[in-house]
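This is what each chain is made of:
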Amino acid sequence: MRDNKLLITFKSDLYHYSLEQLRYISEEGVWSIGQMYDHLIVVAHEYLDNMEICAALNEEQPLGKTQFGEQLFRNGGFPPIKIRLPDELNSPPNNSESKEELISRMDQLIQRLSHWESKVDDMNPNNKVEHGGFGWLNAKEWYDLVGMHFRHHLRQKDELERYI
């Protein structure tokens, strides 16, 4: 799976950062590399939690995606722009974890994705959980959103690496 390889690459890249580089914040309002990783891991687990809810549902949902959600999945990813969430949803990610802790969390995430990879295609596509911006998503869409989100942050990762 392509997205699994992307996550493995993200994990491998962690070995090249010092603790100071992981925690370095170049200016107010800009995350450190460690914060970006924390954000990606937390959000990925939220997406996979919703995927698991879809898997357990016994009731189908006739509603679909929002216009933005339809466009996102039609394009296979987020637009190449910075997306800022409203302040109440945008608390700064954790910046205190060690490299080893982030690597362990990435391992757990990769294992969780791998566990579901062969199962997600067989789940009922009409069992859905609502996403606040994208509308009603099924298990496969929640699963795919993990890779889309990581790909979306590749540019941010490149920018942050230029500061260190």
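Right above here is the structure, for reference.
Before going into details, it helps to say that this report is about the structure given with it. Remember, predicted model here, so these are calculated numbers, not experimental data.

Using the criterion set out here, one finds one cavity of 30 Å³ or more in the structure. A volume near 30 Å³ is recorded for the largest cavity. Contributing to the lining of the largest cavity are Tyr-24, Ile-25, Ser-26, Trp-31, Ser-32, Ile-33, Leu-160 and Tyr-163.

Next up on the list: the packing of aromatic side chains. Within this structure, the stated rule accounts for five aromatic pairs. Over the ring of Phe-73 we find Lys-65, and its NZ or CZ is 5.5 Å from the ring centre. Note that Lys-119 overlies the ring of Trp-116, its terminal NZ or CZ placed 5.6 Å from the centroid.

What follows deals with helix α4 (residues 67-75). Among all positions in α4, only Gly-69, Leu-72 and Phe-73 are buried. Along α4, the residues classed as buried sweep out an arc of 90° about the axis, all on the same side. Along α4, exposed side chains directed more than 90 degrees from the buried face belong to Gln-67, Arg-74 and Asn-75. In this structure, the buried side of α4 is in contact with β2 (135-138) and α6 (139-152).

What counts, and where the lines are drawn
Residues numbered from 1 in each chain as written. Predicted model: local features only at pLDDT ≥ 70, side-chain atom pairs only at ≥ 80, totals over all residues. Heavy atoms only, no water. 1 Å grid on protein atoms, 1.4 Å probe; cavity = no way out; pocket = protein on both sides within 12 Å on 5 of 7 lines; lining within 4 Å. Points joined across faces, edges and corners; volume = space filled by probe spheres on them. Phe/Tyr/Trp six-rings, centres within 6.5 Å; stacked < 30°, edge-to-face > 60°. Lys NZ or Arg CZ within 6 Å of the ring centre and 35° of its normal. Buried < 20%, exposed > 50% of the residue type's maximum accessible area, 1.4 Å probe, protein only. Helix = DSSP H or I, 4+ residues; strand = E, 2+ residues; numbered from the N terminus. Arc of directions from axis to C-beta. Contact = heavy atoms within 4.5 Å.

The quantities given are spatial measurements derived from coordinates; they are silent on function.
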